[in-house]
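Geometric and topological summary
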Amino acid sequence: MIKLLILFPLLMLLNTTSAQDRALDQLREKLEAGEVLLGEIDHTFEDQYTGNVEEHSGKIWIGKDRYKIDVGTQQVLVIDDVSRVYNESENRLIISQYEPEEDDFAPSRLLNLSDDVFTMDERRENGSYFIKLESDDPFEELKLVDIELDDNLVPVSIKAEDQTGNTYSTIFREARFEVLEEDVITIDYPDDAEIVDMRE
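Summary of the structure given here. As the structure is a prediction and not an experimental result, all values here were calculated from the model. (Residues numbered from 1 in each chain as written. Predicted model: local features only at pLDDT ≥ 70, side-chain atom pairs only at ≥ 80, totals over all residues. Heavy atoms only, no water.)

Remarks on the packing of aromatic side chains
- Tallied over the full model, the rule gives 2 aromatic pairs.
- With a centroid separation of 5.1 Å and 45° between ring planes, the pair formed by Phe45 and Tyr168 is classed as tilted. Separated by 123 residues along the polypeptide, Phe45 in strand E1 (residues 35–46) and Tyr168 in strand E11 (residues 167–179) bring together distant segments of the chain.
- Residue class for Phe45 comes out buried when judged on its relative accessible area of 5%.
- For Tyr168, a relative accessible area of 5% gives the class buried.
- Aromatic side chains Tyr86 and Tyr189 sit 6.2 Å apart centroid to centroid with 35° between the ring planes, which places their arrangement in the tilted category. (Phe/Tyr/Trp six-rings, centres within 6.5 Å; stacked < 30°, edge-to-face > 60°. Helix = DSSP H or I, 4+ residues; strand = E, 2+ residues; numbered from the N terminus. Buried < 20%, exposed > 50% of the residue type's maximum accessible area, 1.4 Å probe, protein only.)

What about the pattern of salt bridges?
- Applying the stated rule across the entire model yields 11 salt bridges.
- Across the pair Arg123 and Glu125 runs a salt bridge whose closest N-O atoms are separated by 2.5 Å.
- The class for Glu125 is partly exposed, based on a relative accessible area of 38%.
- Here the residues in one salt-bridge network are Glu40, Asp42 and Arg173, joined through shared partners. (Salt bridge = Lys/Arg side-chain N within 4 Å of Asp/Glu carboxyl O.)

Digging into the pairing of E1
- Examined bridge by bridge, E1 and E11 share 11 bridges and lie antiparallel to one another. Paired with His43 across the bridge in E11 is Thr170.
- Summarising the sheet, E1 and strand E2 (residues 53–62) pair through 10 bridges and their orientation is antiparallel. Pairing of Asp42 across the sheet is with Ser57, part of E2.
- Connecting E1 to the antiparallel partner E2 that follows it, the hairpin turn spans 6 residues, and Gly51 within it adopts a positive phi of roughly 80°. (Pairing = 2+ DSSP bridges.)

Focus: helix H2 (residues 23–32)
- Within H2, the full set of buried residues consists of Ala23, Leu24, Asp25, Leu27, Arg28 and Leu31.
- Gly34 lies just past H2 and shows a positive phi near 110°.

A closer look at the sheet that holds strand E8 (residues 128–134)
- Here we have 12 strands laid out as an open sheet, ordered E7-E8-E9-E10-E11-E1-E2-E3-E4-E5-E6-E12, and mixed in their pairing. One side of each edge strand has no neighbouring strand; the edge strands of this open sheet are strand E7 (119–125) and strand E12 (194–197). The sheet shows a mean angle of 15° between the axes of neighbouring strands, direction not considered.
- Sheet topology note: the strand E3 (residues 66–70)/strand E4 (residues 74–79) ladder contains 5 bridges and is antiparallel. When the bridges of E4 are listed, Arg66 appears paired with Ile79. (Axes fitted to C-alpha atoms, helices over the stretch in contact; angles between N-to-C directions.)

The following block contains the structure:
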């Protein structure tokens, strides 16, 4: 599966009891209300130990209970507790039970970040929101997340560092919120694709 850690879905369900005027809370409310964030991304993952750098560009859709990423040769679609991954080179669709902790795309790792584990600093500058989340909990996957949102609460960039020093960077291009029908976010594959259902 694509080695991606897309960082902004933490904005959707950040577990917080703080005032609802924070940018993250407003963004979460938009997604909860049924809006979908879609656009193009450039994502970079750098492995601190090996020095390997992985880069991916593609399209992304994020809704309240689903997400899709399409990088051309591979599509990943998660809806509720079902994951679908289509690999073009193998012409194979794999359907499986969605396991958040095993998700390379990993939005679920970020959905439940809480104020009990992360400290948050948010500032507004030149019409943009800059949010920094930090954790010194050694059992938390991430220790630092930097988020920039534009004046319309659309992500501009998200950068993060995990406990082992690996870094993640996602740049958003032409991102926007739209109200879409739920069945619009689907996965496309040819009729002759091999389908492997791991749930059985």
